[in-house]
Amino acid sequence: MATSQKFGGNWTEEKLNIFTSYLDAYLIALQNQKFKKIYIDAFAGTGEIETSDGGQYLVGSAKRALASEKKFDHYYFIEADSQKAGELQDMIYAEFPRMGRIFTIYCGDANDKLAEIISSVDWSYNRGLLFLDPYATQVNWTTLENVAQTKSIDAWYLFPFSALERMLPKNGKYDKWEDCIDRL
Ligand SMILES: C[S@@+](CC[C@H](N)C(=O)[O-])C[C@H]1O[C@@H](n2cnc3c(N)ncnc32)[C@H](O)[C@@H]1O
């Protein structure tokens with residue numbers, strides 16, 4: 001397995017296991033509902049992860065979502081890095097050839113592309129599961145407001161608490177990081 005995505009450690013698998021348990025339960029809970037079901041992975045990566053120490057290969061969120069027993073009606077993946085977006089596309093065509101018509105990959109910023117997706121879907125007839133797994137402070141508060149106003153999306157946000165903690169000063173002056181903290 002070769003992937004340009006290298007990060008994480010033991011907790012990475014743990015968090016993905018917890019999220020995919022929810023994803024499976026979500027699909028069971030909605031299986032007899034009239035809504036179309038949409039999966040949105042806004043920091044999708046390549047679908048495969050090599051841990052930072054090079055010791056472990058893990059299945060990433062995108063591949064886990066595609067591999068679930070019950071299926072979504074459409075899968076949206078957003079990834080800022082064009083190489084990773086390309087690897088993700090290659091992986092899907094190779095490993096999920098029957099799903100070629102029900103996924104869309106956007107290469108760009110999660111906030112911008114998520115806004116495009118949200119405005120293109122009629123939320124009266126659709127329900128969404130959104131996974132926000134940024135490295136750091138990339139998710140804007142306004143994006144969460146936009147997600148919330150649909151009243152139709154379950155959002156999982158792995159909040160970058162350690163990044164926020166590093167921006168909180170010991171001397172009480174917030175000037176340097178004030179804009180970033182407000183945006184977050
Ligand atoms: C923590 S990784 C996500 C891992 C993924 N959930 C998985 O399980 O494989 C964060 C990903 O977000 C991408 N990224 C960074 N900034 C971004 C942005 N502003 N918009 C979209 N993707 C971004 C990175 O290239 C990286 O692949």
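Treat the numbers as computed from the prediction; the structure is a model and nothing was measured.

Undergrad: Please set out the site of the ligand residue by residue, giving values where relevant.
TA: Contacts to the ligand come from 21 residues, most closely from S61, E79, D109, A110 and D133. One nitrogen or oxygen atom from the main chain of F43 is found 3.4 Å from a nitrogen atom belonging to the ligand. Contact between the ligand and E79: an oxygen atom at 2.6 Å from a side-chain N or O atom of the residue. One can see that the ligand is located within the largest pocket. Its residues assigned to classes, the shell around the ligand shows 10 nonpolar, six polar and five charged.

Undergrad: An account of the nonpolar core is requested, with residue identities and associated values reported.
TA: Most often, soluble globular proteins keep nonpolar side chains buried together rather than apart. Of all hydrophobic cores here, the largest spans 26 residues; its most connected members are Y39, Y75, F77 and I92. Contributing elements (two or more residues each) for this core: α1 (10–29), α2 (61–67), β4 (74–79), α3 (82–95), β5 (103–107) and β6 (126–132). No other element matches the five residues that α1 contributes to this core. Not counting the four nearest positions on each side in its chain, Y39 is found in contact with F19, L23, S61, A65, F72, H74, Y75, Y76, F77, L129 and F131. Counting residues in hydrophobic clusters, the runner-up holds 18 residues, among them I78, A110, L114 and V147.

Undergrad: Before we move on, could you go through the pattern of salt bridges and cite the residues and values that matter?
TA: Note that side chains of opposite charge can pair when their charged atoms are close. Taken as a whole, this structure holds four salt bridges when the rule is applied. Here D133 ties to K15 by a salt bridge, and the two come within 3.1 Å at their closest N and O atoms. With D133 in the loop between β6 and α5 (141–149) and K15 in helix α1, the pair connects residues that are 118 residues apart, well separated along the chain. Taking the relative accessible area as the measure of exposure, D133 reaches 15% and is therefore buried.

Undergrad: Explain the sheet that holds β5 to me, using residue names and the numbers behind them.
TA: Strand pairing within a sheet occurs via backbone hydrogen bonds; the two strands may be parallel or antiparallel. If you walk across this open sheet you meet the five strands as β5-β4-β1-β6-β7, and the pairing is parallel. In this open sheet, the two strands that pair with only one neighbour each are β5 and β7 (153–157). Ignoring which end each strand starts from, the neighbouring axes of this sheet average 15° apart.

Undergrad: Any chance you could break down the layout of surface pockets for me, citing the residues and the numbers?
TA: The volume enclosed by the largest pocket comes to roughly 330 Å³. Forming the walls of the largest pocket are 25 residues, and the residues nearest its centre are F43, A44, E79, D133 and Y135. Elements supplying a minimum of two residues to the lining of the largest pocket: α1, α2 and β4. Sorting elements by how many residues they give to the lining of the largest pocket places α1 first, with three residues. Across the lining of the largest pocket, the residue classes break down as 12 nonpolar, eight polar and five charged.

Undergrad: So what about the pairing of β4? Which residues, and what values?
TA: Judged by how many residues are buried, β4 sits mostly within the fold: six of six residues are covered. Covered by surrounding structure in β4 are H74, Y76 and I78 together with Y75, F77 and E79, the residues of both alternating faces. Pairing geometry for strand β1 (residues 36–41) and β4, over four bridges, is parallel. The residue bridging Y39 from the neighbouring strand is Y75, located in β4. In this sheet, β5 lies alongside β4 in parallel orientation, the contact comprising five bridges. Opposite I78, over in β5, you have Y106 as the bridge partner. Remark: the β4/α3/β5 crossover connection has right-handed handedness.

Undergrad: An account of α1 is needed here, citing residue identities and associated values.
TA: Taking 1.5 Å as the rise per residue, α1 with 20 residues should run 28 Å; its terminal C-alpha atoms sit 29 Å apart, in good agreement. Buried residues of α1: T12, K15, L16, F19, T20, L23, Y26 and L27, and no others. Projection of α1 onto a plane perpendicular to its axis shows the buried side chains occupying an angular sector of 130°, all on one side. Exposed residues on α1 whose side chains face more than 90 degrees from its buried face are N10, W11, E14 and A29. Tucked into the core, α1 has its buried residues touching β1, β2 (48–50), β3 (57–59), α2, β6 and β7.

Rules of the game
- Residues numbered from 1 in each chain as written.
- Predicted model: local features only at pLDDT ≥ 70, side-chain atom pairs only at ≥ 80, totals over all residues.
- Heavy atoms only, no water.
- Near = heavy atom within 4 Å.
- Polar contact = N/O pair within 3.5 Å; in protein donor to acceptor, adjacent residues only side chain to side chain.
- 1 Å grid on protein atoms, 1.4 Å probe; cavity = no way out; pocket = protein on both sides within 12 Å on 5 of 7 lines; lining within 4 Å.
- Sits in = over half its atoms within 2 Å of the grid points.
- Nonpolar A, V, L, I, M, F, W, Y, C, P; charged D, E, K, R; others polar.
- Core = buried A, V, L, I, M, F, W, Y, C linked by side-chain atoms within 4.5 Å.
- Buried < 20%, exposed > 50% of the residue type's maximum accessible area, 1.4 Å probe, protein only.
- Helix = DSSP H or I, 4+ residues; strand = E, 2+ residues; numbered from the N terminus.
- Contact = heavy atoms within 4.5 Å.
- Salt bridge = Lys/Arg side-chain N within 4 Å of Asp/Glu carboxyl O.
- Pairing = 2+ DSSP bridges.
- Axes fitted to C-alpha atoms, helices over the stretch in contact; angles between N-to-C directions.
- Points joined across faces, edges and corners; volume = space filled by probe spheres on them.
- Right-handed = clockwise from strand over helix to strand, strands pointing away.
- Expected span 1.5 Å × (residues − 1).
- Arc of directions from axis to C-beta.

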